[in-house]
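Read off the chains here:
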Amino acid sequence: MTPFSPESLSPTASSHLSHLQADVNAQIGPEDQYLRAGNLWKNRKNTADQKLIWNEIKSKLSQAHPRPGLCQYCEYDRSSPTEHFYPKAHFPERAFSWDNYLLICGICNSDCKGAKFAVFSPAGADTFVEQDAKPFPPTDDAVLINPRTEDPQAYILIDLGTGILLPTPGTNARGQKKADYTINLLHLNKNDNLVRYRKKAYSGYLQKLEEYANVRDAADYPALLSALAPAKRVIVVRGRLFDSEKQRLLDMIKSDILDDPFPSVWREIKAQSQLIPHIADLFRRVPEALGWA
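Residues numbered from 1 in each chain as written. Predicted model: local features only at pLDDT ≥ 70, side-chain atom pairs only at ≥ 80, totals over all residues. Heavy atoms only, no water.

Caption draft 1: Spatial organisation of the overall build of the protein. For the protein, the count of helices and strands is ten helices and six strands. Once the C-alpha set of the protein is aligned to its principal axes, its extents read approximately 75 × 45 × 30 Å. Counting over 293 residues, the protein shows a buried share of 47%. Put simply, of all contacts in the protein between residues at least 6 apart along the chain, 62% involve residues at least 24 apart. Only carbon and sulfur atoms are counted for the fraction: they give 52% of the accessible area of the protein, which is about 13800 Å². When the 36 basic and 35 acidic side-chain charges of the protein are each reduced to a single mean position, those positions are 3 Å apart. (Helix = DSSP H or I, 4+ residues; strand = E, 2+ residues; numbered from the N terminus. Buried < 20%, exposed > 50% of the residue type's maximum accessible area, 1.4 Å probe, protein only. Contact = heavy atoms within 4.5 Å. Areas by Shrake-Rupley, 256 points an atom, 1.4 Å probe, with all protein chains shown as cover. Lys, Arg positive; Asp, Glu negative; His and termini not counted. Charge placed at Lys NZ, Arg CZ, Asp CG, Glu CD.)

Caption draft 2: The arrangement of the packing of aromatic side chains in detail. Considering all chains together, one arrives at 18 aromatic pairs under this definition. Ring centres of W41 and Y101 lie 5.9 Å apart, and the angle between their planes is 45°; on these two criteria the pair is classed as tilted. In this pair, W41 sits in helix α2 (residues 30–42) while Y101 sits in strand β2 (residues 101–103), placing the two residues 60 residues apart along the sequence. Here W41 falls in the buried class, since its relative accessible area comes to 8%. Ring centres of W266 and F283 lie 6.0 Å apart, and the angle between their planes is 45°; this geometry places the pair in the tilted category. Of the two residues, W266 sits in helix α9 (residues 263–271) while F283 sits in helix α10 (residues 277–285), which places them 17 residues apart along the sequence. Here W266 matches F283 in class, with each residue buried. Taken together through their ring pairs, the aromatic side chains of W41, W54, F96 and Y101 make up a single cluster. Against the face of Y155 rests K178, its NZ or CZ located 5.5 Å from the ring centre. Over the aromatic face of Y197 sits the side chain of R196, whose NZ or CZ is 5.3 Å from the ring centroid. (Phe/Tyr/Trp six-rings, centres within 6.5 Å; stacked < 30°, edge-to-face > 60°. Lys NZ or Arg CZ within 6 Å of the ring centre and 35° of its normal.)

Caption draft 3: Region of interest: the packing of helix α6 (residues 192–217) against helix α8 (residues 242–259). α8 packs onto α6 with a crossing angle of 165° between their chain directions and a minimal axis gap of 10 Å. The orientation of α6 relative to α8 falls into the category roughly antiparallel. Helix-helix and strand crossings are classified by hand; for α6 and α8 the assignment is left-handed. Touching Y205, K208, L209, E211, Y212, V215 and R216 of α6 are K246, L249, L250, I253, K254, D256 and I257, all from α8. (Axes fitted to C-alpha atoms, helices over the stretch in contact; angles between N-to-C directions. Parallel < 35°, antiparallel > 145°, perpendicular 65-115°, else oblique. Left-handed = near helix turned anticlockwise from the far one by under 90°.)

Caption draft 4: Highlighting helix α1 (residues 11–25). Compared with the 21 Å implied by 1.5 Å per residue over 15 residues, the 21 Å span of α1 between its first and last C-alpha is a close match. Of the surrounding secondary structure, the elements contacted by the buried residues of α1 are α2, α3 (48–64) and β2. (Expected span 1.5 Å × (residues − 1).)

Caption draft 5: A look at the nonpolar core. In this structure, I57, Y73, F96, Y101, V265, W266 and I269 are the most contacted members of the largest nonpolar core, which totals 79 residues. Per-element tally for this core: the top contributor is α6, with nine residues. Filtering out sequence-adjacent residues up to four positions away, Y73 remains in contact with M1, F85, L102, I104, C108, K113, L144, I145, P147 and L186. (Core = buried A, V, L, I, M, F, W, Y, C linked by side-chain atoms within 4.5 Å.)

Caption draft 6: Seen up close, the pattern of salt bridges. Evaluated as defined, the whole model comprises 14 salt bridges. Of the charged contacts in the structure, one is a salt bridge between R174 and D141, with a shortest N-O distance of 2.8 Å. Here the residue R174 occupies a position in helix α5 (residues 173–185), and D141 occupies one in the loop between β4 (128–131) and β5 (156–159), the gap between them amounting to 33 residues. Measuring nitrogen to oxygen at the nearest pair gives 2.9 Å for the salt bridge that ties D260 to K208. Placement of D260 in the loop between α8 and α9 and of K208 in helix α6 is noted, with a sequence separation of 52 residues between them. Put simply, E7, E56 and K60 are held in one network by salt bridges that share partners. (Salt bridge = Lys/Arg side-chain N within 4 Å of Asp/Glu carboxyl O.)

Right, here's the structure in full:
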């Protein structure tokens, strides 16, 4: 996971959500609110105007993320329609809150998270209870990490050599429980594909960063060709001015880095850049890459 902060909704969309939430809040008692929220959610796209509003919501959630279109939890599978961070089953008062929405893949949302949701109880404590069948939690102090309001890197470290997620060293008891709960609830280490692909992402990022450094150091076309992986050499256009062609290739490699899945791996590489000699050397050669999001 990586933190992200979408821009505000249009006045039309914002007003529409406020109207729906006011309808929910007007119900007498939490059970009626829960039932009303579920009914309004089910029918939220009944008209063409409503569909436009929910398309805007999904677009702004997607475009604000470092890798638009990917699940904002696992960073691998394609995201599904808009889902809730605070489940509407437990928090109907947040069912139509803009800041409660994420784009999550079906595996993370339905297979892993579902209506499970843990809260620290009492709020601010380091003890928590998980809600499932019981609908209305005692607090809203979430144990699950929320990438819209928190930086997951403050709680979770990626072991770059193995692809395994671990609690960040030095975190307090609350922080460790947030990390463990998030990792376990979403099966972020249990899914062998995710672990394997995070490990591959690490190798891929380093390979491309080294390729970028070698291309930038190239002084002529032969050096430029040898700097590229064999499969990429066919894309070099030798009829262009050398500096122009080199810049085009640099832009392409940078774009490839910023398009790769698992942006959290890229963030972790930068965070650990001074701890691993080979990575430190690459960033000395390409210091501006530390600013690439």
